[in-house]
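Breakdown of the fold
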Amino acid sequence: GGAPGARLRGASPGIRHLGFVIVVAASAVLNTHRLAQNGYANIFYSAGDRSMLRSLHNFFFVSFDPGGLVSVDKPPLALWLQAASAKLFGFSPLSLLLPEAIAGVLAVAVLYIVLVRRLGTFAAFTAALAMAVFPSFVAVSRENSVDPVLILMLVLACAAGVRASESGRWRGLLASAVFVGLAFNTKTLAAYLVVPGIALAFLLCAPGTILRRLLQLAVAGLVMAVVSFAWIGFVDLTPAAKRPYVGSSTNNTELGLTFEYNGF
């Protein structure tokens, strides 16, 4: 009868769609069932979310306290999503935890879509299911940490990078650079762990001359740097008296926080 992977690689659209529904539903149940029982989970981030609702100034600078004196020790993207959810649905455990739970489900869905088009239904199903039920992934998807948003951005970056490596087109590579930059604005240097793999895959596999590929990588690197450091640059260029102190830093700069406490 052949190996399962060989049989399912040419599976009908119905089978592929069924596999997608199963893994996404499994992830959704694991991430959201009785989610509110976890309370405010990470109280540090929850307090920051509450303070961010007090003013646009607090929101932009991810202030930990209502008075805007000290900022949270992470970049803003995941915290912005939590605060936006709290603004929309009211401040509650569920509104703070839901964005991470959804991000976890979306990461599983994207992984399935990327693999099913290239390796078939069996590979996509087993990989996405392994991700959906992985204990630490489920755990972080059920609290208000920044990791699920980081993982989603990195899966999207890898998906765009694979597409760029196949086509050699600018759009996929630049999209990958933007997603890495957004991941950087979620958990700083952790985002760059995927960059060597994406760059090497594009350099070795993408069509076009070597000079064209090197140029594309250079431009993508520039885009990644701009997206990565846009918010950090704005914060550090704002006079210290007009913004919160950068929490957990030793020199009141986001760059210091990035390369010290959250970095090397």
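Just above sits the structure.
What comes next is a walk through the structure. Computed from a predicted model, the values in this text were never measured in an experiment.

1. Quick word on helix α7 (residues 121-133)
In this model α7 runs 18 Å from its N-terminal to its C-terminal C-alpha over 13 residues, within 8% of the 18 Å that 1.5 Å per residue would give. Buried residues of α7: T121, A124, A128, M131 and A132, and no others. Around the axis of α7, the buried residues are gathered within 110° of arc, so they sit on the same side.

2. Focus: the environment of S92
Inspection of the secondary structure assignment puts S92 in the loop between α5 (77-89) and α6 (93-116). Using a relative accessible area of 23% as the deciding quantity, one classes S92 as partly exposed. Taking the C-alpha atoms as reference points, S92 and A191, separated by 99 residues in sequence, lie 29 Å from one another.

3. Side note on the pattern of salt bridges
The tally for this structure, following the rule as stated, stands at three salt bridges. For E166, the salt bridge is made with R118, and the minimal N-O distance between the two is 2.6 Å. With E166 in helix α9 (residues 147-167) and R118 in the loop between α6 and α7, this residue pair connects regions lying 48 residues apart in the sequence. Accessibility expressed as a relative area gives 47% for E166, which makes it partly exposed. Among the salt bridges present, the one from D147 reaches K187, with a minimum N-O distance of 2.8 Å.

4. Brief notes about the side chain of T238
Looking at the secondary structure, you find T238 in the loop between α12 (210-237) and α13 (254-259). By relative accessible area, which is 15% here, T238 ends up buried. T238 has contacts with F61 and R243, leaving out every residue within four places of it along the chain.

5. Some remarks on unusual backbone geometry
Phi at R34 is positive, roughly 50°, even though this residue is not glycine. Secondary-structure assignment places R34 in the loop between α2 (13-32) and α3 (43-52). A positive phi is found at S248, a non-glycine position, where the angle reads about 70°. The topology assignment puts S248 in the loop between α12 and α13.

6. Here's the deal with the state of the cysteines
Scanning the model with the defined rule gives zero disulfides in all. With no disulfide of its own, C158 has C205 as its nearest cysteine by sulfur position, at a separation of 14 Å. The exposure class assigned to C158 is partly exposed, which follows from its relative accessible area of 31%. The class for C205 is exposed, based on a relative accessible area of 54%.

Reading the values: the criteria
- Residues numbered from 1 in each chain as written.
- Predicted model: local features only at pLDDT ≥ 70, side-chain atom pairs only at ≥ 80, totals over all residues.
- Heavy atoms only, no water.
- Helix = DSSP H or I, 4+ residues; strand = E, 2+ residues; numbered from the N terminus.
- Expected span 1.5 Å × (residues − 1).
- Buried < 20%, exposed > 50% of the residue type's maximum accessible area, 1.4 Å probe, protein only.
- Arc of directions from axis to C-beta.
- Salt bridge = Lys/Arg side-chain N within 4 Å of Asp/Glu carboxyl O.
- Contact = heavy atoms within 4.5 Å.
- Disulfide = S-S within 2.5 Å.

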